[in-house]
Amino acid sequence: NAGVMQNPRHLVRRRGQEARLRCSPMKGHSHVYWYRQLPEEGLKFMVYLQKENIIDESGMPKERFSAEFPKEGPSILRIQQVVRGDSAAYFCASSPNRGSTDTQYFGPGTRLTVL
Amino acid sequence: GENVEQHPSTLSVQEGDSAVIKCTYSDSASNYFPWYKQELGKRPQLIIDIRSNVGEKKDQRIAVTLNKTAKHFSLHITETQPEDSAVYFCAASRSTGGFKTIFGAGTRLFVKA
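This one's a predicted model, so the numbers in the text were calculated from it and none came from an experiment.

What to know about the pattern of salt bridges
Counted according to the given criterion, the structure contains seven salt bridges over all chains. R78(A) is the salt-bridge partner of E18(A), the closest N and O atoms lying 2.9 Å from each other. Here the residue E18(A) occupies a position in the loop between β2 (10–13) and β3 (19–24), and R78(A) occupies one in strand β8 (residues 75–79), the gap between them amounting to 60 residues. Classification of E18(A) by relative accessible area gives partly exposed; the value is 29%. Its salt-bridge partner being D27(B), residue R94(B) comes within 3.1 Å of it at the nearest N-O pair. Taken as a pair, R94(B) in the loop between β9 (86–93) and β10 (101–103) and D27(B) in the loop between β3 (19–25) and β4 (32–38) lie far apart in primary sequence, 67 residues in all. Among the residues examined, R94(B) registers a relative accessible area of 21% and is labelled partly exposed. Residues participating in the shared-partner salt-bridge network are E18(A), R20(A) and R78(A).

Structure, rendered in structure tokens:
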């Protein structure tokens, strides 16, 4: 049973470009969470999604950031017009059941560098 | 808003000694408290968790205690080994009225051989 997969593992973008980060949850998991981690800091919640639904996006900036989890395919975190401050590691996690009180299994992360 | 404070930010112990990391949470409705270990450049991995209906849980060298009244919970690692060196994060979440998991800022543990 493969774990949570994320790609790409490393992504370099110039200011103003778009970044697309992908997350495939563990088999049988239908809940996905995205977190951002700045160097030497903790994980900051961004968004929680189920298939075709955004459940809680209160941690995600309202501009430039969007997330989706379509019926088929991976969850995608999209950052438009990236700025240097977007440079961070972005982790997704998945769980089998509803709510954040289920164990969340993390992917390896995507390290975004904005030049 | 919700907040989780974690102390200390850095902890250095001698191999074989115990290590204790403490967290305080602000949301009294929190009822699930996981602990994650993150090695450099790797993903966070769950090492132990506790729910609000118990006060203590143990798994080999790792134990977690919870004081709901004081809104404190702690991670205890006994007989530390060099491979325990990593960053440890506590977290708190609730099962109703929101789905955020709030993480502490992390504790960097160094175990000296």
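Now that the structure is up, let's keep going.
Some remarks on the state of the cysteines
Residues and elements named next belong to chain B. Evaluation of the coordinates by the stated rule reveals two disulfides over all chains. Sulfur-sulfur distance for the disulfide between C23 and C90 comes to 1.9 Å. Between C23 and C90 the disulfide shows an S-S torsion of about -100 degrees. By sign, it is left-handed. Of this pair, C23 sits in strand β3 while C90 is found in strand β9, placing the two residues 67 residues apart along the sequence. Given the relative accessible area of 1%, C23 is considered buried. Relative accessible area serves as the criterion here: at 0%, C90 is assigned to the buried category.

A look at the interface of chain B and chain A
Facing 22 residues of chain B, the contacting portion of chain A comprises 24 residues. Carbon and sulfur atoms supply 53% of the area that chain B and chain A bury against each other, a total of about 1900 Å² over both sides. Connecting chain B to chain A are zero salt bridges. Counting across the chain B and chain A interface gives six residue pairs in polar contact (both at pLDDT 80 or more). Of all elements in the fold, only β4, β5 (45–51), β9 and β10 of chain B reach the threshold of two or more residues within the side of chain B that touches chain A. Taken together, the residues of the side of chain B that touches chain A break down into eight nonpolar, seven polar and seven charged.

What to know about the side chain of D27(B)
For D27(B), a relative accessible area of 14% gives the class buried. When residues no more than four places from it in sequence are discounted, the contact partners of D27(B) are E2(B) and R94(B).

The rules behind these values
- Residues numbered from 1 in each chain as written.
- Chains lettered and ligands numbered in written order.
- Predicted model: local features only at pLDDT ≥ 70, side-chain atom pairs only at ≥ 80, totals over all residues.
- Heavy atoms only, no water.
- Salt bridge = Lys/Arg side-chain N within 4 Å of Asp/Glu carboxyl O.
- Helix = DSSP H or I, 4+ residues; strand = E, 2+ residues; numbered from the N terminus.
- Buried < 20%, exposed > 50% of the residue type's maximum accessible area, 1.4 Å probe, protein only.
- Disulfide = S-S within 2.5 Å.
- Contact = heavy atoms within 4.5 Å.
- Buried area = accessible area lost by both parts, 1.4 Å probe.
- Polar contact = N/O pair within 3.5 Å; in protein donor to acceptor, adjacent residues only side chain to side chain.
- Nonpolar A, V, L, I, M, F, W, Y, C, P; charged D, E, K, R; others polar.

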